[in-house]
Protein chains: 2
Amino acid sequence: MTALSGKLSQATAERLSLYLRCAEQDRQAGLLKTSSKRLAEALGINDTQVRKDLTALGHLGRPGIGYTIAELIVALRKTLGLDRGWNCALIGVGHLARALLRYQGLRERSFRIVALFDNDPAKVGETFDLLTIYPLAEMAHYVRTMEIELAILAVPAAAAQAVTDQLANAGIRGILNFAPTVLRLPEGVRFVNVDVALQMEQLTFRLQSSD
Amino acid sequence: MTALSGKLSQATAERLSLYLRCAEQDRQAGLLKTSSKRLAEALGINDTQVRKDLTALGHLGRPGIGYTIAELIVALRKTLGLDRGWNCALIGVGHLARALLRYQGLRERSFRIVALFDNDPAKVGETFDLLTIYPLAEMAHYVRTMEIELAILAVPAAAAQAVTDQLANAGIRGILNFAPTVLRLPEGVRFVNVDVALQMEQLTFRLQSSD
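Presented here is an overview of the structure given in this document. (Residues numbered from 1 in each chain as written. Chains lettered and ligands numbered in written order. Predicted model: local features only at pLDDT ≥ 70, side-chain atom pairs only at ≥ 80, totals over all residues. Heavy atoms only, no water.)

Once that is clear, we can look at the packing of helix α2 (residues 36-43) of chain A against helix α3 (residues 47-55) of chain A. Residues and elements named next belong to chain A. As a packed pair, α2 and α3 sit with axes 8 Å apart at the nearest point and diverge in direction by 110°. By the angle class used here, α2 and α3 are roughly perpendicular. Between α2 and α3 lies a crossing of right-handed hand. Contact residues: Ser36, Lys37, Leu39 and Ala40 in α2; Asp47, Val50, Arg51 and Leu54 in α3. The class makeup of the residues in the contact of α2 with α3 is four nonpolar, one polar and three charged. (Axes fitted to C-alpha atoms, helices over the stretch in contact; angles between N-to-C directions. Helix = DSSP H or I, 4+ residues; strand = E, 2+ residues; numbered from the N terminus. Parallel < 35°, antiparallel > 145°, perpendicular 65-115°, else oblique. Left-handed = near helix turned anticlockwise from the far one by under 90°. Contact = heavy atoms within 4.5 Å. Nonpolar A, V, L, I, M, F, W, Y, C, P; charged D, E, K, R; others polar.)

Below you can see the structure in the form of structure tokens.
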């Protein structure tokens, strides 16, 4: 059950990502300052929590004055590891992968999809968005030469564990998993699960409790 | 910024979904009982938090004895609104929608995709997985006659706001949004955002902090 571990720090990290989105929106709207109260309202949480979260980032903000948005954005991006680029491999080139290749949300961030991998001989050698599909067996080579650190796992659930082990052996450090299955994770590899059913449950939970 | 509101209750609801997955895994493994300690370990949280979360569900479990897995599953599914089926519409039939149609994680849950909608005249009338693509303009009709309550929004970011307003007018109660944009939500519509970049940031945050 290692896939679910570290939930506490994950909740904090998710809030940092949301603070970043709020600050970026405010900057786009032309604002220069924000406050723990404003951030708290946007997230629907207590402003004490916001101040506590942001204190961990260093000497940001002043009582009664608030946070300089530009400073806050720099600090949040640094904490989230977004002050540098990350080369990513996309594993399993089906419909989901093709959707992710076009997904602006990733392109605008620090994530560059630089290589595609698939085990299907019919797909290997094909090109999407200027990227060639390589066989999984050659991953270690490309991970090293292309300095790939992250992998987005978009393979069927039945294949996910075997591919995860291959990714770890190839030197991948972090995996974003879309397969609806719980994976045993190799030592030293970080992991985030995108569970669409769980997100749908968040919706029905809210509808249920508002009925 | 209403899209980000209600974060506190969302954290709790996410834990309920994760408890459900753990309990279901344990049941599949043939176990009959679980404990707050076991659930806490799986999620990487404190067992006091688990007991607090589960107390809200009713009289479950006994000190020193733990929880009957079958009872726990029934209670969690009820709280999450999974003790009934939910008819869903899939809006925007591109690669993401096609991936979601095949996504077993949804099929295994209570979510039935019963209708597809798209504004592209070239797509309207086409069929995927026995489902016909209808024009968005006719959505209100189908929402009523097919008793559709939820919509999965898989349209480009630029179209998301206009389509959201159409969904609300058609009587949709909840929206799962994949478009990487912050939406102004019509009154009475619940909303969950699937933000792939945010999930990637959770990964780089953990890699960053382990460096």
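Residue and element names in this part refer to chain B. Here strand β8 (residues 174-177) shows a buried face lined by Gly174 and Leu176 and a second buried face lined by Ile175 and Asn177. Looking at chain direction, strand β7 (residues 150-153) and β8 are connected through four bridges and run parallel. Note on β8: the bridge partner recorded for Ile152 is Leu176. With respect to chirality, the unit in which β7 leads through helix α8 (residues 157-169) into the neighbouring parallel β8 is right-handed. (Buried < 20%, exposed > 50% of the residue type's maximum accessible area, 1.4 Å probe, protein only. Pairing = 2+ DSSP bridges. Right-handed = clockwise from strand over helix to strand, strands pointing away.)

All names here are of chain A. Pairing within the open sheet is mixed, and its seven strands lie in the order β5-β6-β4-β3-β7-β8-β9. The strands lining the two open edges of the sheet, one partner per strand, are β5 (127-128) and β9 (190-193). With six bridges connecting them, strand β3 (residues 86-91) and strand β4 (residues 111-117) associate as parallel partners. For Trp86, the partnering residue across the bridge sits in β4 and is Phe111. Those strands touched by helix α8 (residues 157-169) are β3, β7 (150-153) and β8 (174-177), and its axis lies near 170° from that of β7.

Attention now goes to the interface of chain A and chain B. Taken together, the contact pairs 71 residues of chain A with 71 residues of chain B. In total, chain A and chain B occlude about 7,100 Å² of area from one another, counting both sides; carbon and sulfur atoms represent 66% of this. Linking chain A to chain B there are four salt bridges. Close ionic contact of Arg21 of chain A with Asp195 of chain B constitutes a salt bridge, the shortest N to O distance being 2.8 Å. Between chain A and chain B we count 23 residue pairs in polar contact (both at pLDDT 80 or more) in total. (Buried area = accessible area lost by both parts, 1.4 Å probe. Salt bridge = Lys/Arg side-chain N within 4 Å of Asp/Glu carboxyl O. Polar contact = N/O pair within 3.5 Å; in protein donor to acceptor, adjacent residues only side chain to side chain.)

All names here are of chain A. Looking at the secondary structure, you find Leu57 in the loop between α3 and β2 (67-68). The spatial distance from the C-alpha of Leu57 to the C-alpha of Thr79 is 7.1 Å, given a sequence separation of 22 residues. Discounting residues that sit within four places of it in the chain, Leu57 has contacts with Leu16, Ala75, Leu76 and Thr79.

Residues and elements named next belong to chain A. Counted according to the given criterion, the structure contains six aromatic pairs over all chains. Summarising the aromatic geometry, the rings of Phe117 and Tyr134 are spaced 5.8 Å apart at their centres and angled 50° between planes, so their arrangement reads as tilted. On the criterion of sequence distance, the pair formed by Phe117 in strand β4 and Tyr134 in strand β6 (residues 131-134) is long-range, its members being 17 residues apart. A residue is classified by how much of its surface remains accessible, and Phe117, at 0% relative accessible area, is buried. Through a chain of ring-to-ring contacts, the aromatic side chains of Phe117, Tyr134 and Tyr142 assemble into a single cluster. (Phe/Tyr/Trp six-rings, centres within 6.5 Å; stacked < 30°, edge-to-face > 60°.)

Another aspect to go through is the relation of the copies chain A and chain B. One chain copy maps onto the other through a rotation about an axis and a shift parallel to that axis. Of the transformation superimposing chain A on chain B, the axial component is 0.0 Å and the angular component is 180°, with the fit at an RMSD of 0.0 Å. With respect to symmetry, the two chain copies, as superposed, fit the operation of a two-fold axis. Among all C-alpha atoms of chain A, that of His95 of chain A lies closest to the rotation axis, at 2.3 Å. The share of interface residues of chain A whose copies in chain B are also at the interface is 100%, consistent with both copies meeting through the same surface. (Least-squares fit on C-alpha atoms with pLDDT ≥ 70 in both.)

What follows covers the nonpolar core. Within soluble globular proteins, side chains that are nonpolar generally end up buried alongside one another. Ranked by size, the top nonpolar core spans 110 residues in total, and within it Leu106 of chain A together with Leu106 of chain B carry the most contacts. Residue contacts for Leu106 of chain A: discarding those within four places in its chain leaves Leu100, Phe111, Ile113 and Ile152 of chain A together with Val196, Ala197 and Met200 of chain B. (Core = buried A, V, L, I, M, F, W, Y, C linked by side-chain atoms within 4.5 Å.)

This paragraph deals with the side chain of Asn177 of chain B. All names here are of chain B. Note on placement: Asn177 falls in strand β8. The exposure class of Asn177 is buried, given its relative accessible area of 0%. Dropping the residues within four chain positions of it, Asn177 is found in contact with Leu153, Leu183, Phe191, Val192, Asn193 and Val194.

With that settled, the discussion passes to the pairing of strand β6 (residues 131-134) of chain B. All names here are of chain B. Both strand β4 (residues 111-117) and β6 contribute to a ladder of two bridges, which runs parallel. By the bridge assignment, Phe117 is partnered in β6 with Tyr134. The sheet contact formed by strand β5 (residues 127-128) and β6 spans two bridges and is antiparallel. By the bridge assignment, Thr127 is partnered in β6 with Thr132. Between β5 and β6, which pair antiparallel one after the other, the connecting turn spans two residues, and Asp129 there sits at a positive phi close to 45°.

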